[in-house]
Amino acid sequence: MAAAVGAAIPFHRNMPAGFIPEAIAADPLRIEGKDGLSVLGRRPLNAETPAHLLDDPVTPTARHFIRNNGIAPSEIDPRTWRLRIDGLVHRPMNLSIEDLRNRFEVVTRRLTIECGGNGRAFFEPRVPGNQWSLGAVACSEWTGVRLADVLKAAGVKDNVVYTAHVGADTEASGVKGGLPLSRGVPIEKAMDPGNLIAFGMNGGPLHPMNGAPLRLVVPGWPGSCSQKWLTRIWLRDVVHDGAKMTGSSYRVPAYPIQPGENVPDGAMTIIHSMPVKSLITTPRTGLSITTRKLSVAGHAWAGDNEVAHVDVSIDFGATWRQAELQPPVNPYAWQRWSATLEFPRRGYYEIWARATDDKGASQPFAVSWNPKGYLNNSMHRISVRVS
Ligand SMILES: Nc1nc2c(c(=O)[nH]1)N[C@H]1C(S)=C(S)[C@@H](COP(=O)(O)O)O[C@H]1N2
Ligand SMILES: [Mo]
């Protein structure tokens, strides 16, 4: 192992059996307004951000990942765009972006969006789908109106249980003519003041691949709840059954299973809050240093919860020390953490980060397997060579 990593490994005795030192590879995306993203698929377009490019407290638009289930609409004129609010409401509405601005309070919030499949690439055995490693997460600054305010104006009927979100993208095959994705959330989550109907991103317009001119941002839950190219919110008296709401999509077994085990449909549950997680965004993995001290930093987030502490280890998890942690600037913003580490002698090290939320849940070293590879919140680790 020392030969493979090119240095002695002082804490080699702590390495778990079958352990593979951390490594990544990437193919860059070249589209206007995006910078440094790695392509996972071109049609539909899916691209993630390498961890070290997510270091900013506010993720720049150019670094916000792209997760498309279908083909983005080509007609995106903000002046003619309309959002329909209908279904079980007292006053159905058909709103332009100007109407949204004029009729509701406009707010700006830093909101974390993470794809439910972030970390899928690390599942063993491998599961189908985009092989996201770490970078299907971002915390941009979104400007828009509160979803709750708009729903209140429409008048939510007593029998509403779920929202249904509709966007203007189309299926990649083009044959079925259906929606590639239409998800929803329980009405209680929809009424959380943290959700926005957003028309601004980081002080500018939304990037076309991030849902321009209008999208939902439903932080804390799988990114799929945050419908892009938003055209309609339909209120229903049943759990929404749109595209990617049923089967194994964004659903996980209600109990732990063995890899490959068959799970009856009735035992699959819809993912709600995302689990606690953290990233090491500086330094970049694979660093070589000649000093013994190193500053490390990153972000941590915890779905609907807050992060209580972040701990770091340089000895494969044998010992931990607590990092400095900042509170979120507003609910659902990721939290900055930092630490200064000291290495005892030269050699190959890994830095591991582990966040714990305010309910006491922490990140595992490895997460239990599920059929679509969701909710992988295992610890992030980077390598450092000290000489
Ligand atoms: N209309 C529409 N909205 C969508 C999607 C989509 O394919 N179509 N993908 C969803 C998924 S799975 C995620 S993780 C987020 C990602 O947002 P982003 O592409 O802006 O990073 O958008 C969500 N909203
Ligand atoms: Mo996603």
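Whatever comes next refers back to the structure up there.
Thresholds applied
- Residues numbered from 1 in each chain as written.
- Chains lettered and ligands numbered in written order.
- Predicted model: local features only at pLDDT ≥ 70, side-chain atom pairs only at ≥ 80, totals over all residues.
- Heavy atoms only, no water.
- Helix = DSSP H or I, 4+ residues; strand = E, 2+ residues; numbered from the N terminus.
- Rg over C-alpha atoms; globule rule 2.2 N^0.38 Å.
- Buried < 20%, exposed > 50% of the residue type's maximum accessible area, 1.4 Å probe, protein only.
- Contact = heavy atoms within 4.5 Å.
- 1 Å grid on protein atoms, 1.4 Å probe; cavity = no way out; pocket = protein on both sides within 12 Å on 5 of 7 lines; lining within 4 Å.
- Points joined across faces, edges and corners; volume = space filled by probe spheres on them.
- Nonpolar A, V, L, I, M, F, W, Y, C, P; charged D, E, K, R; others polar.
- Domains from an automatic or database assignment.
- Pairing = 2+ DSSP bridges.
- Axes fitted to C-alpha atoms, helices over the stretch in contact; angles between N-to-C directions.
- Near = heavy atom within 4 Å.
- Polar contact = N/O pair within 3.5 Å; in protein donor to acceptor, adjacent residues only side chain to side chain.
- Sits in = over half its atoms within 2 Å of the grid points.

For the rest of this paragraph, the subject is the overall build of the protein chain. In terms of regular secondary structure, the protein chain is built from four helices and 22 strands. Whereas a compact globule of 387 residues would reach a radius of gyration of roughly 21 Å, the protein chain reaches 21 Å, a difference of no more than 12%. Across the 387 residues in the protein chain, those meeting the buried criterion constitute 55%. For the protein chain, the share of sequence-separated contacts (at least 6 apart) that also reach a separation of at least 24 residues comes to 71%.

Take unusual backbone geometry next. That bond from E124 to P125 is cis: its omega, -5°, falls within 30 degrees of zero. Following the sequence through the fold, P125 ends up in the loop between strand 6 (106–114) and strand 7 (137–146). For the bond from T282 to P283, the omega torsion is 0°, close enough to zero to count as cis. Looking at the secondary structure, you find P283 in the loop between strand 14 (277–282) and strand 15 (287–289).

As enumerated under the stated definition, the model contains two cavities of 30 Å³ or more in all. What the largest cavity holds in volume is close to 240 Å³. Taken together, 20 residues make up the lining of the largest cavity; nearest its centre are R67, R215, G223, S226 and K228. Looking at the lining of the largest cavity, its residues break down into eight nonpolar, eight polar and four charged. In this structure, the second largest cavity spans a volume of roughly 40 Å³. Residue lining of the second largest cavity: E114, C115, G116, N118, M274, P275, K277, L375, N376 and N377, and that is the complete set. Partitioned by chemical class, the residues of the lining of the second largest cavity number four nonpolar, four polar and two charged. When residues are assigned to domains, the lining of the second largest cavity turns out to be shared by domain 1 (1–246) and domain 2 (277–386), each giving three or more.

As a further point, take the sheet that holds strand 11 (residues 230–236). What the four strands build is an open sheet, ordered 5-4-11-8; its pairing is mixed. The two strands at the open ends of the sheet, each matched to only one other strand, are strand 5 (93–95) and strand 8 (162–167). Each strand of the sheet is rotated relative to its neighbour by a mean of 15°, with strand direction disregarded. Relative to strand 5, strand 4 (residues 83–87) runs antiparallel, the two sharing three bridges. Pairing of I85 across the sheet is with M93, part of strand 5.

Looking at ligand 1, there are 19 residues lining it, with F65, N69, D169, R215 and K228 nearest. At 2.6 Å from an oxygen atom of ligand 1 is found a main-chain nitrogen or oxygen belonging to F65. In the model, an oxygen atom of ligand 1 is placed 2.7 Å from a nitrogen or oxygen of the R215 side chain. Here ligand 1 occupies the largest cavity. Taken together, the residues of the shell around ligand 1 break down into seven nonpolar, eight polar and four charged.

Time to look at the sheet that holds strand 19 (residues 324–325). To summarise the sheet geometry, strands pair through backbone hydrogen bonds and adopt either a parallel or an antiparallel arrangement. Here four strands make up an open sheet; going across it, the order is 14-16-20-19 and the pairing antiparallel. Pairing within the sheet leaves two strands with one partner each, and these edge strands are strand 14 and strand 19. Pairing analysis gives two bridges linking strand 19 to strand 20 (residues 335–342), with the strands arranged antiparallel. Counterpart to E324 in the pairing with strand 20 is S338.

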